[in-house]
Amino acid sequence: DTGVSQNPRHKITKRGQNVTFRCDPISEHNRLYWYRQTLGQGPEFLTYFQNEAQLEKSRLLSDRFSAERPKGSFSTLEIQRTEQGDSAMYLCASSWDSYNEQFFGPGTRLTVL
Amino acid sequence: AQKVTQAQTEISVVEKEDVTLDCVYETRDTTYYLFWYKQPPSGELVFLIRRNSFDEQNEISGRYSWNFQKSTSSFNFTITASQVVDSAVYFCALSENFGNEKLTFGTGTRLTIIP
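Residues numbered from 1 in each chain as written. Chains lettered and ligands numbered in written order. Predicted model: local features only at pLDDT ≥ 70, side-chain atom pairs only at ≥ 80, totals over all residues. Heavy atoms only, no water.

Asks: Help me understand the sheet that holds strand 8 (residues 75–79) of chain A in this model?
Replies: Think of a sheet as strands paired side by side through backbone hydrogen bonds, with each pair either parallel or antiparallel. Residues and elements named next belong to chain A. Taking strand neighbours across the sheet as the criterion, the 4 strands line up as 1-3-8-7 in an open arrangement whose pairing is antiparallel. The open sheet has two edge strands with one neighbour each: strand 1 (5–7) and strand 7 (65–68). Neighbour-to-neighbour, the strand axes of this sheet turn through a mean angle of 15°, independent of strand direction. In this sheet, strand 8 lies alongside strand 7 in antiparallel orientation, the contact comprising 4 bridges. Bridged to Ala 67 within strand 8 is Leu 77. (Pairing = 2+ DSSP bridges. Helix = DSSP H or I, 4+ residues; strand = E, 2+ residues; numbered from the N terminus. Axes fitted to C-alpha atoms, helices over the stretch in contact; angles between N-to-C directions.)

Asks: What should I look at first to understand the nonpolar core in this one?
Replies: The nonpolar side chains of a soluble globular protein tend to be buried with one another. Residues and elements named next belong to chain B. Judged by nonpolar contacts, the single largest core of 23 residues is most densely connected at Trp 36, Phe 75, Phe 77 and Tyr 90. Taken together, the elements giving at least two residues each to this core come down to strand 2 (10–14), strand 3 (19–21), strand 5 (32–39), strand 8 (64–69), strand 9 (74–79), strand 10 (88–96) and strand 12 (109–114). Looking at this core, the element that brings in the most residues is strand 10, giving 4 residues. In contact with Phe 75, not counting residues within four places along its chain, are Cys 23, Leu 34, Phe 35, Trp 36, Ile 49, Arg 51, Trp 66, Asn 67, Phe 68 and Cys 92. (Core = buried A, V, L, I, M, F, W, Y, C linked by side-chain atoms within 4.5 Å. Buried < 20%, exposed > 50% of the residue type's maximum accessible area, 1.4 Å probe, protein only. Contact = heavy atoms within 4.5 Å.)

Asks: Explanation requested: the interface of chain A and chain B in the structure shown.
Replies: By a widespread convention, an interface's size corresponds to the accessible area lost as its parts come together. Across the boundary between the two partners, chain A contributes 22 residues, which contact 17 residues of chain B. Summed over both partners, the interface of chain A with chain B comes to about 1,700 Å²; 50% of that surface belongs to carbon and sulfur atoms. At the surface where chain A touches chain B, the tally comes to 1 salt bridge. One salt bridge connects Glu56(A) with Lys102(B), and the closest N-O pair in it is separated by 2.9 Å. Scanning the region where chain A abuts chain B turns up 4 residue pairs in polar contact (both at pLDDT 80 or more). (Buried area = accessible area lost by both parts, 1.4 Å probe. Salt bridge = Lys/Arg side-chain N within 4 Å of Asp/Glu carboxyl O. Polar contact = N/O pair within 3.5 Å; in protein donor to acceptor, adjacent residues only side chain to side chain.)

Asks: Would you explain the layout of surface pockets in this entry?
Replies: Where empty space is left can be seen by rolling a probe of water-molecule size over the atoms. Of the voids in this model, the largest pocket is the one considered here, and its volume is about 590 Å³. Along its surface, the largest pocket is lined by 29 residues, and Gln37(A), Leu39(A), Gly40(A), Gln39(B) and Arg110(B) are the ones closest to its centre. Those elements that provide at least two residues to the lining of the largest pocket are strand 9 (88–95) and strand 11 (108–112) of chain A together with strand 10 and strand 12 of chain B. Taken as a whole, the second largest pocket holds about 440 Å³ of empty space. Contributing to the lining of the second largest pocket are 18 residues, with Glu44(A), Phe45(A), Leu60(A), Gln2(B) and Thr104(B) lying nearest its centre. Residues of the lining of the second largest pocket, tallied by class, amount to 7 nonpolar, 7 polar and 4 charged. (1 Å grid on protein atoms, 1.4 Å probe; cavity = no way out; pocket = protein on both sides within 12 Å on 5 of 7 lines; lining within 4 Å. Points joined across faces, edges and corners; volume = space filled by probe spheres on them. Nonpolar A, V, L, I, M, F, W, Y, C, P; charged D, E, K, R; others polar.)

Here you go:
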């Protein structure tokens, strides 16, 4: 049974560059979530999808952030014009539906220099 | 607005001791879910338990047990006979509306088991 996978695991970029992360959920999970975790804090919700529909976006998700799940399978999270404050671990999770637990991937650690 | 408070930032205990991690939550909803996740040094969050707001029965799973008390808005987690492998950061989380749309996490408790 394959878990949630995320790529890349680490990303170092310079301020102002664009970055894109990918998340592959557990097969047949129709819900997919993105969270952000900074050092010493718990994960903070960013957005979630049911199949290809983006159902909710947090106020944390500024205009520089965009997420897609084009075919209801994998998802991408893009950050444009990165800032040092974007440095964090970006976590992806998936669940079968709204009544089951979320399973998390290993995360993508972003460092903005 | 929902909120989860884990007042214990760090706890250290000697192996085989029992340890309780506290979690206090705030919500205006009458239906909600509570969760505990473990984040070992490898970084991947591991699901431990989910409890809905209508079920106040305590739960035991091996060395782990959970005490849910709506009267005090608490959902505490106890590890009995702790082991070094229990060393991790533990997060309590809340989801409103009896669903699983988004989780609100506490700031976590770093547990260190001293051999």
